[in-house]
Amino acid sequence: MKSTPHNSKIPCSAPEDSAGDETLRLISSLPAPHGLEDRVHRALRARSDRRGRVLSWPRRLSPQNGWMRTAAAAAIVFVVVGGGWGVYTRVGHYQPSNVIPMPLHMPAAGHFSSAGAMRTPQTLPGPVVVHPLTARAAQAKRSKKPITTLQPMRPAGSGSALKPAAEGGAAK
Amino acid sequence: MSTSQVIYAGWMEIPNSAVNDETRLRAEDTALAVLVDQYAGALYRVAYSVLRNPADAEDAVQETFLRVLRHRHSLGEVRDHRVWLIRIVWNIVLDRKRRAKSRPETDDVEELARVLPSTGLSAEEVASAAQHHARVLACVERLPDKERQVLILSAFEELTSVEIASVLGITESSVRSRLFRARNLMAGLLDHQRSLR
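Residues numbered from 1 in each chain as written. Chains lettered and ligands numbered in written order. Predicted model: local features only at pLDDT ≥ 70, side-chain atom pairs only at ≥ 80, totals over all residues.

Colleague: Explanation requested: the overall build of chain A in the structure shown.
Modeller: When helices and strands are counted, chain A shows five helices and zero strands. The secondary structure elements of chain A, listed N-terminal to C-terminal, are α-α-α-α-α. Burial analysis of chain A (172 residues in total) assigns 9% to the buried set. Long-range contacts, defined here as pairs at least 24 residues apart, represent 7% of the contacts in chain A between residues at least 6 apart. (Helix = DSSP H or I, 4+ residues; strand = E, 2+ residues; numbered from the N terminus. Buried ≥ 20, exposed ≤ 12 C-beta atoms within 10 Å, placed from the backbone. Contact = placed C-beta atoms within 7 Å.)

Colleague: Would you explain the overall build of chain B in this entry?
Modeller: The helix and strand tally for chain B stands at nine helices and zero strands. Going from the N terminus to the C terminus, chain B shows its helices and strands as α-α-α-α-α-α-α-α-α. A buried classification covers 32% of the 197 residues belonging to chain B. Restricting the contact set of chain B to residue pairs at least 6 apart, pairs at least 24 apart contribute 62%.

Colleague: What is the right way to look at the packing of helix α3 (residues 54-70) of chain B against helix α4 (residues 81-100) of chain B in this model?
Modeller: The relative placement of two packed helices comes down to the angle between their axes together with the axis-to-axis distance. All names here are of chain B. Between α3 and α4, whose axes approach to 9 Å, the crossing angle comes to 130 degrees. With respect to their mutual orientation, α3 and α4 come out oblique. α4 is crossed by α3, and the crossing has right-handed handedness. Contacts from D56, A60, V61, E63, T64 and R67 in α3 reach L85, I88, V89, I92, V93 and R96 in α4. Taken together, the residues that form the contact of α3 with α4 break down as seven nonpolar, one polar and four charged. (Axes fitted to C-alpha atoms, helices over the stretch in contact; angles between N-to-C directions. Parallel < 35°, antiparallel > 145°, perpendicular 65-115°, else oblique. Left-handed = near helix turned anticlockwise from the far one by under 90°. Nonpolar A, V, L, I, M, F, W, Y, C, P; charged D, E, K, R; others polar.)

Colleague: Quick question: what am I supposed to make of the packing of helix α6 (residues 123-142) of chain B against helix α9 (residues 172-196) of chain B here?
Modeller: Residue and element names in this part refer to chain B. Two numbers describe how α6 lies on α9: the axes approach to 10 Å, and their chain directions differ by 130 degrees. By the angle class used here, α6 and α9 are oblique. The handedness of the crossing between α6 and α9 is right-handed. Every residue of α9 that contacts α6 at R135, C139 and R142 is listed here: M186, L189, L190 and Q193. Looking at the contact of α6 with α9, its residues break down into four nonpolar, one polar and two charged.

Colleague: Which parts of the structure should I look at to understand the environment of R176(B)?
Modeller: Residue position: R176(B) is located in helix α9. A C-alpha to C-alpha distance of 9.3 Å links R176(B) and A165(B), two positions 11 residues apart in sequence.

Colleague: Would you mind showing me how to read the confidence of the model for chain B here?
Modeller: Should pLDDT be low for a region, the predicted coordinates there are not to be read in detail. All names here are of chain B. Per-residue pLDDT for chain B has a mean of 81; in total, 82% of the residues score no lower than 70. Ranking the elements of chain B by mean pLDDT puts helix α1 (residues 3-12) last, at 43, and helix α8 (residues 161-168) first, at 93. Taken together, the stretch residues 1-14 has pLDDT below 50 and engages in four contacts with residues farther than four places along the chain or on a different chain. (pLDDT = per-residue confidence, 0-100.)

Colleague: Just to check I follow, could you spell out unusual backbone geometry for this structure?
Modeller: One non-glycine residue, R52(B), adopts positive backbone phi at about 50 degrees. Within the secondary structure, R52(B) is located in the loop between α2 (16-51) and α3.

Colleague: Is there a simple way to explain the nonpolar core in this structure?
Modeller: As a rule of thumb, soluble globular proteins bury nonpolar side chains together. Formed by 45 residues in total, the largest nonpolar core has its most connected members in L43(B), A47(B), V61(B) and V89(B). Among the elements that line this core, the one with the most residues is α2(B), at 11 residues. When neighbours within four sequence positions are excluded, V61(B) is seen to be in contact with L36(A), V40(A), A40(B), L43(B), Y44(B), A47(B) and V89(B). (Core = buried A, V, L, I, M, F, W, Y, C linked by C-beta atoms within 7 Å.)

Colleague: Mind showing me how you'd approach the environment of S166(B) here?
Modeller: Secondary-structure assignment places S166(B) in helix α8. C-alpha separation for the pair S166(B) and R87(B), spaced 79 residues apart in sequence, amounts to 7.9 Å.

Colleague: I would appreciate a short explanation of the confidence of the model for chain A in the present structure.
Modeller: All names here are of chain A. Chain-level pLDDT for chain A is 67 on average; 44% of the residues reach the 70-or-more range. Looking over chain A, one finds the lowest element-wise mean pLDDT in helix α5 (residues 167-170), namely 44, and the highest in helix α3 (residues 66-91), namely 88. Predicted confidence for residues 1-17 stays below pLDDT 50, and this span has 36 contacts to residues more than four positions away or in other chains. Segment residues 157-172 is flagged for pLDDT under 50; beyond a separation of four residues in sequence, or across chains, it makes 24 contacts in the model.

The following block contains the structure:
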């Protein structure tokens, strides 16, 4: 490596390969491309402008002015209070009602409407299913109380499937 | 004056610091522009010596100054701007090289022949020199990181060993020992290449 006033402290007694050093020196001394400084200046200016667009106010509207600050504060307060009042008046208050609203039954698309008919659940006492043996025993006890029961299914061909357990109750 | 009055007065009045801030910003911009004019070329050469790609080197220089722009308020605290900037660009190019892990463009002999100065040489001599430089650079790439970094920076005649130590964040004696090892290794690698031919 060439000894210069700048790098005189770097030892030159090392096994020096002049060719290797020469190549690195050539690489390190290549001139910078023309107009590099201008391009860097442009990049810096572009970055500064991008930031300045947010910060730079017209002098009259500068937030440093006292009256402008007051006006801005008043406008913010007005918007916040006005908005709150608008919401308060439009929404209204909740009043509990005694009427329970029934859900609307909307007919499905492509189907017949129910014409307003409501499906009503079967709340009357239905037929009591009692085991035949139990039914006969109960009938024997109560002797004259008619009890309507259903008999279990019989095999096909053996007559009707349902037969009242108590003949007296079934026959009128 | 009560506390609320003080706060109110502080809120309403135009602070003197606003004018000072503007002046300070302008001064910092001017200082930054001077730094660009003064050191952009040197930074480019440092970046190019590692990346060996003109476009990447230029990008690295721009990124360096953009970083400086972000921290321009601390420009006054810097003692040696040149070494400070070289350190920034050095870290940027090492980071880029680590991430890209691509082969430098100038390892191609043709590209080296185009880039390196060749005044007064015939076409054959230019091609031969380019081949030689490519072999040397290939050997440099095979050096360990620490030795390679010192060897590359030592090629910059404007950098003293103290400044190289400052850029790399090591002691001056470490720079010397690493440079010694790097040159030994380079000599061995080049001898090995010569024996193969």
